[in-house]
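Structure at a glance
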Amino acid sequence: MANVNIKTGTSEFPDYYEVLQCERTASSEELKKSYQSLILSTHPDKVNCNNDRFLLVQEAWNILRDPESRKLYDAQLSNSEHSNTDCLLYDVINLSDMDNCDGVYTYMCRCGSNYVLEDSDRPLNENTVVIDCEECSFSLKVNF
Ligand SMILES: [Zn+2]
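Conventions and cut-offs
Residues numbered from 1 in each chain as written. Predicted model: local features only at pLDDT ≥ 70, side-chain atom pairs only at ≥ 80, totals over all residues. Heavy atoms only, no water. Helix = DSSP H or I, 4+ residues; strand = E, 2+ residues; numbered from the N terminus. Expected span 1.5 Å × (residues − 1). Buried < 20%, exposed > 50% of the residue type's maximum accessible area, 1.4 Å probe, protein only. Arc of directions from axis to C-beta. Axes fitted to C-alpha atoms, helices over the stretch in contact; angles between N-to-C directions. Parallel < 35°, antiparallel > 145°, perpendicular 65-115°, else oblique. Left-handed = near helix turned anticlockwise from the far one by under 90°. Contact = heavy atoms within 4.5 Å. Nonpolar A, V, L, I, M, F, W, Y, C, P; charged D, E, K, R; others polar. Pairing = 2+ DSSP bridges.

The end-to-end C-alpha distance of helix α2 (residues 28-42) is 20 Å, a good match for the 21 Å that 15 residues give at a rise of 1.5 Å each. Of all the residues in α2, the buried ones are Leu31, Ser34, Tyr35, Leu38, Ile39 and Thr42. Along the long axis of α2, the arc covered by the buried residues comes to 135°, so they all point the same way. Away from the buried face of α2 by more than 90 degrees, exposed residues Lys33 and Leu40 are located.

One can describe the packing of α2 onto helix α3 (residues 51-64) by two numbers: an axis separation of 10 Å at closest approach and a directional angle of 160°. Compared by their axis directions, α2 and α3 come out roughly antiparallel. Crossing angle aside, the handedness with which α2 passes α3 is left-handed. Residues Leu31, Lys32, Tyr35, Leu38, Ile39 and Thr42 of α2 form the contact with α3, whose participating residues are Arg53, Phe54, Val57, Gln58, Trp61 and Leu64. Split by residue class, the contact of α2 with α3 holds eight nonpolar, two polar and two charged.

Further remarks concern the sheet that holds strand β6 (residues 139-143). Paired through their backbone hydrogen bonds, the strands of a sheet run either parallel or antiparallel. Taking strand neighbours across the sheet as the criterion, the three strands line up as β1-β6-β5 in an open arrangement whose pairing is mixed. Two strands lie at the open edges of the sheet, namely β1 (89-94) and β5 (128-132), each paired on one side alone. Sheet twist, expressed as the mean angle between neighbouring strand axes with direction ignored, is 20°. Relative to β6, β5 is paired through five bridges, and the arrangement is antiparallel. Following the sheet pairing, Ile131 is matched in β6 by Leu140.

Geometric values such as these leave the question of function open.
In structure tokens:
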């Protein structure tokens, strides 16, 4: 059974890649395969299933099947994610601003909780990381 979980964050912007259960780097062939199997499992004529889900899969496919509209959608998606991050960003700091204890970096949030970054969490191919507070909705951006 397909498990469609739409990640909307704080905006209502749907993640069509999640709808189609594909990576954002998926080829159009992969998207098509996934779409076809989802359509079979969610089609209201065949299964007594949630019609909304079927329509959402259709909608996702209509956007992502066309390279031009997919490109446009990718830009909107990335925009919506960045603006979400920006409006909830607590601070931008350098790694050296964090307290380091045996490879675990901590930084106090406005709410009194701590942002925690372990050495093993550091992305290999990026020089910045965004950490979510465990207690509130703020995020911390750390530059390496
Ligand atoms: Zn917090």
